[in-house]
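So the chains spell out like this:
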Amino acid sequence: MYIIVSFLLSLIFGLASYPLILDFCQRKGFYDIPNERKVHPQPIPRLGGIIFVPNMLIAFSIIMLVMNPYLGNRTMQICFWSFSFLIGLVVIYFTGILDDLIGLNARLKFCAQITAAMFIPLGGLCRIDTLHGFCGINEISFWPSVILTIFVMVFVMNAINMIDGIDGLCASLSFMALGGFLFSFWQEGLDLYCTLIAGIMGVLIAFFYYNVFGCADKNRKIFMGDSGSLTLGFILSFLFVKYASFNPLVAPVHINRLLIPFTLLIVPILDTVRIIIVRIRHHLPLFKADKNHIHHKLMRAGLTQHQTVVTIIGISLVYTIINNELCRFWGIHYILLLDIVLYVLLQCVIDLKVKHRGESIVVIQ
């Protein structure tokens, strides 16, 4: 019940808030202006992510204040360490808002991501302190685990931020990943995390409606901006770390505690790795945005925006099914190798289609 209520509260608040935000953006002129890198033909308001954190926290607070006394043995409690998550979330949230309003350079945002990520392991909330036997590595000492945790969180934040290139894509992939994490934490009885996740999932539905089905001519279409994509990236990266960390009270050490979060975020992760390789190979700046992401390539291959979103969602679902089935028989090393091979083959097929249409496989700007 608390999960459903949190979801519905956030959804209702989101549907009620977006018309107000759209009108505000129109009055102040806060638009995402089209350029050679963008796929939209007209200016669109870009503050869709500004209500992600408030909605999630409002829904969560209502659950804690109203429903907590009626949960019986499943009472939720907030520990002091949880404030390290809140501080990191606030840092990345306001970084995204500033970028949407005045624009921040990539290096400054990168430093903000590192700062936000540091609060999670150094605040004592969680860290990747074991690889559960991956590559023969089990327990990791404190400082190496802190560095690894920060690296993973910053990488996931950038992966989510970079996948936000066309209508509905980042929201869809994030919603699917959040749903997977919600189910995983629910199985372990971690009600606090389930409530927070449900809160962010509710507002994502409201955003998706205005982002995908909203009419730009009537000022009812909006982008999430960095305030949204960075916030989602931080939350998903935290959930990745939390699920992968060792917690003997809820689950034993098991390699699937790495495989499951990786699978939930597999498309953004693999696409970011490919983009880094492409930029290094063609001597392009690592922090400069381009049009070489999987959604850009699929559109150069002839798909529309909506067809591209559906295709990428399908790819993510196929990976989820394959990894979920193979984990019963194969080790993570073989599954990871298969995932990479399948992704390389997919890219080869897309490249052939792009070439056939006379388009460039790699766009150098």
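Relevant structure appears above.
The structure contained in this document is the topic of the report that follows. (Residues numbered from 1 in each chain as written. Predicted model: local features only at pLDDT ≥ 70, side-chain atom pairs only at ≥ 80, totals over all residues. Heavy atoms only, no water.)

### A short note on helix α4 (residues 106–122)
Then, number 1: With 17 residues, α4 extends 24 Å between its outermost C-alpha atoms, agreeing within 8% with the 24 Å of an ideal straight helix rising 1.5 Å per residue.
Then, number 2: For α4, the complete set of buried residues consists of K109, A112, Q113, A116, A117, I120 and P121.
Then, number 3: Capping the start of α4, N105 holds a side-chain oxygen 3.1 Å from the backbone nitrogen of R107, two or three residues further along.
Then, number 4: G124 sits one or two positions beyond α4 and adopts a positive phi of about 85 degrees. (Helix = DSSP H or I, 4+ residues; strand = E, 2+ residues; numbered from the N terminus. Expected span 1.5 Å × (residues − 1). Buried < 20%, exposed > 50% of the residue type's maximum accessible area, 1.4 Å probe, protein only. Polar contact = N/O pair within 3.5 Å; in protein donor to acceptor, adjacent residues only side chain to side chain.)

### With respect to the pattern of salt bridges
Then, number 1: Scanning the model with the defined rule gives nine salt bridges in all.
Then, number 2: For the salt bridge of K221 with D167, the shortest nitrogen-to-oxygen distance reads 2.6 Å. Here the residue K221 occupies a position in the loop between α7 (191–212) and α8 (225–244), and D167 occupies one in the loop between α5 (142–163) and α6 (169–187), the gap between them amounting to 54 residues. One exposure class covers both K221 and D167, and it is buried. (Salt bridge = Lys/Arg side-chain N within 4 Å of Asp/Glu carboxyl O.)

### A few points about the side chain of Q113
Then, number 1: For Q113, the location among the structural elements is in helix α4.
Then, number 2: Residue class for Q113 comes out buried when judged on its relative accessible area of 3%.
Then, number 3: A distance of 2.8 Å separates a polar atom in the side chain of Q113 from a polar atom in the side chain of N158.
Then, number 4: Beyond its immediate chain neighbours, meaning those up to four positions away, Q113 contacts I92, V154, M157, N158 and L230. (Contact = heavy atoms within 4.5 Å.)

### Here we look at the packing of aromatic side chains
Then, number 1: The final tally for this structure, using the stated rule, is 18 aromatic pairs.
Then, number 2: On the basis of an interplanar angle of 70 degrees and a centroid distance of 5.2 Å, the ring pair of Y93 and F94 is categorised as edge-to-face.
Then, number 3: Taking relative accessible area as the criterion, F94 reaches 47% and is therefore assigned partly exposed.
Then, number 4: When the centroid spacing of 6.3 Å and the interplanar angle of 25 degrees are considered together, the rings of F181 and F185 count as stacked. Pair noted here: F181 and F185 are both in helix α6, with a separation of four residues, about one helical turn.
Then, number 5: Counting every residue linked through ring pairs, the aromatic cluster contains Y18, F52, F207, F208, Y209, Y210 and F213.
Then, number 6: The ring of Y243 carries the charged tip of R257 above its face, separated from the ring centre by 4.2 Å. (Phe/Tyr/Trp six-rings, centres within 6.5 Å; stacked < 30°, edge-to-face > 60°. Lys NZ or Arg CZ within 6 Å of the ring centre and 35° of its normal.)

### Overview of the state of the cysteines
Then, number 1: Scanning the entire structure with this criterion turns up zero disulfides.
Then, number 2: Distance from the sulfur of C170, which forms no disulfide, to the nearest cysteine sulfur (C25) is 18 Å.
Then, number 3: Given a relative accessible area of 1%, C170 falls into the buried group.
Then, number 4: Here C215 is not cross-linked by a disulfide; its sulfur's nearest cysteine counterpart is in C25, at 16 Å.
Then, number 5: Judged by relative accessible area, which is 32%, C215 ranks as partly exposed. (Disulfide = S-S within 2.5 Å.)

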